[in-house]
Amino acid sequence: MAAERRNGGTAEGSPEGRRPDVAGEHSSAVPPFRRSAEPSDPLAPCVHCGFCLPACPTYIATGDEADSPRGRIVLMRTLERNEIGADDAALTQHLDACLGCRGCEPVCPSGVAYGRGLEQARARLFEERGLPPLARTVLGVFRHAALWRPLFTAARALRAAGLPRLMAGTGRFGFGMGMLEASRRRRWPEDNGRHEAGAPGAPSAGASDGGVPGAAVPAPPRPTVALFRGCVMDTLFRHVNDATRRVLEFNGYDVIDVEGQACCGALHEHAGDRAGTAALARLNLAALSDSADYIVTNSAGCGALLKDYGHLLHDDAAAVALAAKVRDVSELLAAAGPRPGAPLALDVAYDAPCHLQHAQRVHDAPLAVLRAIPGLRLRLLPGSDQCCGSAGIYSVLRPAMARAVLATKIEAIAAAEPRPRVVATGNPGCLMQIGAGLIAAGLDIAVAHPVELLDESYRRLSSLPSPSRPDRLSVHQWPPAFSSTSTASSSTTSRSTATR
Ligand code: SF4
Ligand code: SF4
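Here the structure is a predicted model, which is why all the values come from computation and not from measurement.

(A) Quick look at the site of ligand 1. The immediate surroundings of ligand 1 are formed by 14 residues, with Cys46, Cys49, Cys52, Cys108 and Ser110 found nearest. Of the residues in the shell around ligand 1, the class split is ten nonpolar, three polar and one charged.

(B) Here's a closer look at the site of ligand 2. Close contacts around ligand 2 come from 14 residues, with Cys56, Pro69, Cys98, Cys101 and Cys104 the closest. Within the residue set of the shell around ligand 2, elements represented by two or more residues are α2 (57–62) and α3 (69–80). The residue inventory of the shell around ligand 2, partitioned by class, reads nine nonpolar, three polar and two charged.

(C) Spotlight on the confidence of the model for the protein chain. With 79% of its residues at a pLDDT of 70 or more, the protein chain has an overall mean of 83. In this model residues 21–36 is a low-confidence stretch, pLDDT under 50, and it forms 29 contacts with partners more than four residues away in sequence or in other chains. In the predicted structure, residues 192–211 sits below a pLDDT of 50 and forms 25 contacts with residues beyond four places in sequence or in another chain.

(D) Spotlight on the packing of helix α21 (residues 399–415) against helix α22 (residues 428–440). Direction vectors running N to C along α21 and α22 enclose 65 degrees, while the axes themselves pass 10 Å from each other. When the interaxial angle is binned, α21 and α22 end up roughly perpendicular. Crossing angle aside, the handedness with which α21 passes α22 is right-handed. Facing α21, whose interface residues are Leu406, Lys409, Ile410 and Ile413, α22 presents Gln433, Ile434, Gly437 and Leu438. For the contact of α21 with α22, the class distribution of residues is five nonpolar, two polar and one charged.

(E) Spatial organisation of the nonpolar core. Counting residues in each nonpolar core, the largest one holds 134 residues, and the members touching the most others are Leu332, Val348, Tyr350 and Leu370. Taken domain by domain, the makeup of this core includes at least three residues from each of domain 1 (53–130) and domain 2 (179–185 + 339–499). Each residue touching Val348, except ones within four places of it in the same chain, is listed here: Leu370, Leu376, Arg377, Leu378, Pro420, Val422, Ala424 and Leu453.

(F) Structural detail: the sheet that holds strand β2 (residues 254–256). Read across the open sheet, the four strands follow the order β2-β1-β3-β4; overall the sheet is parallel. Bordering the open sheet on either side are β2 and β4 (326–328), each of which pairs with just one other strand. Each strand axis lies, on average, 35 degrees off the axis of its neighbour in the sheet, ignoring direction. Pairing of strand β1 (residues 224–227) with β2, which is carried by three bridges, proceeds in the parallel orientation. Across the sheet, residue Thr224 finds its bridge partner in β2, namely Asp254. Where helix α17 (residues 329–336) meets the sheet, its contacts fall on β1, β3 (294–297) and β4, and the angle it forms with β4 comes to roughly 80 degrees.

(G) Main features of unusual backbone geometry. Here the residue pair Gly337 and Pro338 is connected by a cis peptide bond, since its omega of -15 degrees sits within 30 degrees of zero. Tracing the backbone through its elements, the reader meets Pro338 in the loop between α17 and β5 (347–350). Residue Pro418 is bonded to the preceding Glu417 through a cis peptide linkage, with omega at 0 degrees. Looking at the secondary structure, you find Pro418 in the loop between α21 and β7 (422–424). One non-glycine residue, His314, adopts positive backbone phi at about 55 degrees. In this fold, His314 is placed in the loop between α15 (309–312) and α16 (317–325). Given 9 C-beta atoms within a 10 Å radius, His314 is considered exposed. Despite not being glycine, Ala391 has its phi angle at roughly 50 degrees, a positive value. Summarising the element assignment, Ala391 is placed in the loop between β6 (377–380) and α20 (394–397).

(H) Seen up close, the packing of α3 against helix α4 (residues 89–96). The N-to-C vectors of α3 and α4 enclose an angle of 130 degrees; their axes lie 10 Å apart at closest approach. Relative to α4, α3 is oriented oblique. As α3 packs across α4, the resulting crossing turns out to be left-handed. Residue-level contacts link Gly71, Arg72, Leu75 and Leu79 of α3 to Ala90, Leu91, His94 and Leu95 of α4. A breakdown of the residues in the contact of α3 with α4 according to their chemical character gives five nonpolar, two polar and one charged.

Cut-offs applied
Residues numbered from 1 in each chain as written. Chains lettered and ligands numbered in written order. Predicted model: local features only at pLDDT ≥ 70, side-chain atom pairs only at ≥ 80, totals over all residues. Near = placed C-beta within 6 Å. Nonpolar A, V, L, I, M, F, W, Y, C, P; charged D, E, K, R; others polar. Helix = DSSP H or I, 4+ residues; strand = E, 2+ residues; numbered from the N terminus. pLDDT = per-residue confidence, 0-100. Contact = placed C-beta atoms within 7 Å. Axes fitted to C-alpha atoms, helices over the stretch in contact; angles between N-to-C directions. Parallel < 35°, antiparallel > 145°, perpendicular 65-115°, else oblique. Left-handed = near helix turned anticlockwise from the far one by under 90°. Core = buried A, V, L, I, M, F, W, Y, C linked by C-beta atoms within 7 Å. Buried ≥ 20, exposed ≤ 12 C-beta atoms within 10 Å, placed from the backbone. Domains from an automatic or database assignment. Pairing = 2+ DSSP bridges.

Structure, rendered in C-alpha cells:
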C-alpha cells in the first residue's frame with residue numbers, strides 16, 4: 001500500500017516521454033501481487049467478535065445473523081466437521097446468498113481469510129450437490145468462446161439498435177436491458193465546440209473511437225504489456241479495451257495482443273467449480289506465459305483471479321510466474337504518472353470494485369488515474385467500500401438480494417451533493433449493475449471505467465494551446481450531508497483512505 005502511494009506520488013512533474021517506473025532500481029513501484037501465507041485453516045482465527053457485521057452488505061440488507069460473515073463462518077465450520085450435510089437448507093440459503101465480496105476481510109481484527117474459507121466450502125458444495133440448472137447453463141456458456149462470443153455479439157447488435165435504451169426499467173427483464181444499456185460507450189460533451197469538424201484535434205471522420213493525438217514517443221525500451229481481453233470486456237466493453245491500449249501506449253508501454261485467450265474463470269471459481277476454473281486458467285497460461293513483461297486487465301474480477309492462478313493451480317511454477325506479472329490497468333498507469341490530459345469538466349464519483357479493493361488491495365491507483373484529468377471534480381462515493389450486488393452471476397441467480405444490496409448504493413449516489421454526472425468504477429459487472437440501477441431509479445447519471453475518462457481527456461489534448469496543463473485536483477470526501485447510514489459509510493471510507 002505504501003508502495004502504491006509512492007506510485008501516485010510520482011505523478012506530479014513526471015517528464016514527458018519517460019519510461020514507466022516499473023523496472024530496474026524502482027521495480028517496487030508496481031509491486032507484484034503477493035499471496036499471504038496460505039492458511040491451512042482460514043476460518044480458525046474467528047473469535048466471533050462481530051466487527052465484520054456492519055461491513056457485510058447482505059447482513060445490512062436482511063439484518064439476519066445467518067447472512068453475516070460470523071453466521072456463515074459458523075455454518076462453514078459446522079460443514080467442515082460434518083455436523084450438517086451439503087444439502088442442509090440453512091447452509092444452502094445463507095452461503096449461496098454470500099456475494100463473495102470479501103468486504104468482511106479488511107475489517108477483521110483476527111485476520112480471518114474469509115475468501116479462502118468460502119472458496120473451500122463452495123468447492124465442497126459443488127462436488128456434493130452440483131449447481132442449479134440456470135447456473136450450470138450460464139457457466140457452460142462462459143467455458144467456450146464459441147458460445148459466449150456470438151451471444152455477446154448479438155447483445156451488441158441489440159444495443160446498437162437502441163432497444164435496451166427503450167426497454168430498460170425496473171422489472172427483471174427491464175433491469176437486464178438496463179445492464180446492457182449501461183455497457184454502452186458514452187460520448188462526453190465537448191468543451192466549447194473545440195472538436196467541431198475540422199477543428200484542430202477533432203477526430204477524423206473515419207475515427208470511431210477517438211484516440212490519443214500527438215502522443216510523444218517515450219524513449220525505448222518500453223515495457224511490454226499483454227492485454228488480457230476477457231469475455232465481457234472483449235465484447236460488450238470492447239471500447240474500454242481499446243481505451244486501455246491507447247492510454248497505456250501514451251504512458252510508455254508497448255501493448256501487444258495475444259491470441260488464444262479464454263474467459264479468466266472467475267465466475268466458475270465463485271461457484272466452486274474448481275476443475276472448470278483450472279481448465280480455463282490452463283488455456284490462459286498457454287496463451288499468455290512469456291508473452292510480455294506484464295499482463296494487464298481492466299476488469300477487477302478477472303484481475304483478482306489471474307493474480308491467484310498460482311494458488312488455483314497448486315503452485316505450478318508457470319502459473320506462479322504468470323500471476324506475478326498481472327496488474328490492473330490502474331496500477332501500470334499510476335506507475336507511469338500517469339501523464340496528465342486535457343480538461344474534462346465533470347463531477348465524478350469513484351466507487352471501488354470489491355475485487356480491486358478487497359481482493360487485490362489496490363486502493364489509490366484508480367484515483368491517480370482520475371486525478372490525471374484536469375478539471376475533473378473527483379469525489380469518493382460514500383459506501384465505496386461496500387459491494388454493489390453484482391458479484392459475477394449473482395445478480396442473475398439471486399436478483400432480489402442483488403437489488404436489495406444495490407439499493408444502498410443507489411441511495412448514496414442519489415443523496416450525493418453535488419450530484420455526480422458520472423460514477424466511475426473499474427469492473428464490468430459493477431458498471432452494468434450500478435448503471436442499470438441508476439436507470440431504474442430514473443437518475444440521469446452515467447457510468448464509466450476510469451480509463452475511458454482518461455482516454456477522453458487525452459483525446460482532447462491536441463485542442464489545447466501548448467503548453468497548457470492545469471493543476472491536478474485533489475480527491476475530496478463528499479460533504480457529509482447524508483442519512484445516518486451514508487454518513488457512517490463516508491467516515492469509514494475516509495478512515496480507510498487515510499491509512500492507505
Ligand atoms: S470474521 Fe473476524 S470480525 Fe468477523 S466475527 Fe470473526 S473474528 Fe470477528
Ligand atoms: S464476502 Fe461479502 S457478502 Fe459474504 S460475508 Fe463477507 S462481506 Fe458478507
